[in-house]
Amino acid sequence: MIVVRSGEELRRALEEARGRGRSVGYVPTMGALHDGHLALVRAARGLDDVVVASVFVNPLQFGADEDFETYPRDEERDLGLLEKAEADIAWLPSAEELFPAGFGLTIAVPRLSNVLCGVGRPTHFAGVTTELGKILIFLAPTAVYLGEKDFQQLVVMRALVRDLGLPMAVRAVPTVREPDGLALSSRNVYLTVDQRPVAASIFRILSELTTQLRGERASVDAVLAEGRQALTRAGVQRIEYLELVDRETLDPVRAAEPGNRLVVAVWVGSTRLIDNMEV
Ligand code: AMP
């Protein structure tokens with residue numbers, strides 16, 4: 001595995017591979033790597049010739065009152081894990097290069113970014129799409145690998161690639177979970193011992209609700225109302241949303257159909273957790 005920092009180094013490393021007609025799989029991450037990230041690397045390893053993984057805590061996607069400063073960072077550990085997962089190139093971009101002085105670009109997909117997580121985090125997805133949009137145009141990978149864990153991000157990024165006409169595949173990787181069902185997340189380290197079972201109840205409740213929604217005469221409103229009560233009973237402090245949505249438009253769904261997505265954002269103590277499940 002080689003480690004590159006500047007865009008120029010990355011371009012040179014890829015030029016040679018591209019000359020030989022090899023496909024390039026790209027895995028964007030913010031580091032603090034866990035098995036969820038590594039599942040993306042392994043998926044890319046299985047399908048593409050050259051695997052590029054980036055580690056960059058993107059300042060644009062954090063709100064002013066969010067955890068940009070305290071977000072977990074451990075470059076050495078991350079590089080070791082990427083090497084073990086057989087990435088070919090680890091790219092550690094700098095904020096100065098990605099967002100030079102005077103940077104004034106915004107790439108946004110407002111229609112899909114203002115709902116669900118976008119209500120509580122109004123600048124978040126524009127931060128993601130500006131950063132990742134710029135990178136995808138520059139890197140021009142054969143495929144970009146994204147986790148279903150961040151389902152809205154996946155939907156937004158699919159729309160960005162489609163609307164810009166970028167010639168690349170967007171490949172979704174299923175959510176990797178702890179044995180008790182909690183979706184792996186770099187932010188799980190914020191949870192206390194007491195909060196951990198509360199966080200795990202999210203998966204259990206989503207599983208119960210999707211089972212109910214698959215039933216013939218399920219009332220979506222009644223199932224969601226029951227789900228909100230169950231989350232509160234389990235000890236969740238605040239429910240930002242619990243919705244059943246269309247998997248492409250993110251519009252709320254009133255009669256469940258296979259392929260719809262049950263999506264949730266809650267606060268456990270001062271930690272915000274998201275999860276989702278297909279019906
Ligand atoms: P992040 O470092 O949080 O920006 O995540 C980088 C990528 O890893 C995103 O595409 C996430 O959706 C994906 N990811 C994060 N957690 C998981 C997980 N538990 N399972 C699968 N993919 C994940």
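Since the model is a prediction, treat every value here as computed from it, not as a measurement.

*Asks:* Describe the site of the ligand, listing the residues and the values that go with them.
*Replies:* The ligand sits among 16 residues. The nearest are Met-30, His-37, Asp-150, Val-176 and Leu-184. Contact between the ligand and Gly-147: an oxygen atom at 2.9 Å from a main-chain N or O atom of the residue. Within the backbone of Val-176, an N or O atom sits 2.8 Å from a nitrogen atom of the ligand. Protein coverage of the free-state accessible area of the ligand, which is 490 Å², stands at 93%. Going through the elements one at a time, strand S2 (24-29), helix H2 (35-47) and strand S5 (143-147) are the ones with two or more residues in the shell around the ligand. Among the elements that make up the shell around the ligand, the one with the highest residue count is H2 (3 residues).

*Asks:* Residues and numbers for the pairing of strand S3 (residues 50-55), please.
*Replies:* With respect to burial, S3 is a largely interior element, 6 of its 6 residues being buried. Taking every second residue as pointing to the same face, both faces of S3 are buried, with Val-50, Val-52 and Ser-54 on one and Val-51, Ala-53 and Val-55 on the other. Here S2 runs beside S3; their pairing, made up of 6 bridges, is parallel. Bridging from a neighbouring strand, Pro-28 pairs with Ser-54 of S3. Handedness of the crossover joining S2 and S3 through H2: right-handed. Traced from S3 through helix H3 (residues 75-84) to strand S4 (residues 89-91), the parallel crossover comes out right-handed.

Quick notes on the rules
Residues numbered from 1 in each chain as written. Predicted model: local features only at pLDDT ≥ 70, side-chain atom pairs only at ≥ 80, totals over all residues. Heavy atoms only, no water. Near = heavy atom within 4 Å. Polar contact = N/O pair within 3.5 Å; in protein donor to acceptor, adjacent residues only side chain to side chain. Areas by Shrake-Rupley, 256 points an atom, 1.4 Å probe, with all protein chains shown as cover. Helix = DSSP H or I, 4+ residues; strand = E, 2+ residues; numbered from the N terminus. Buried < 20%, exposed > 50% of the residue type's maximum accessible area, 1.4 Å probe, protein only. Pairing = 2+ DSSP bridges. Right-handed = clockwise from strand over helix to strand, strands pointing away.

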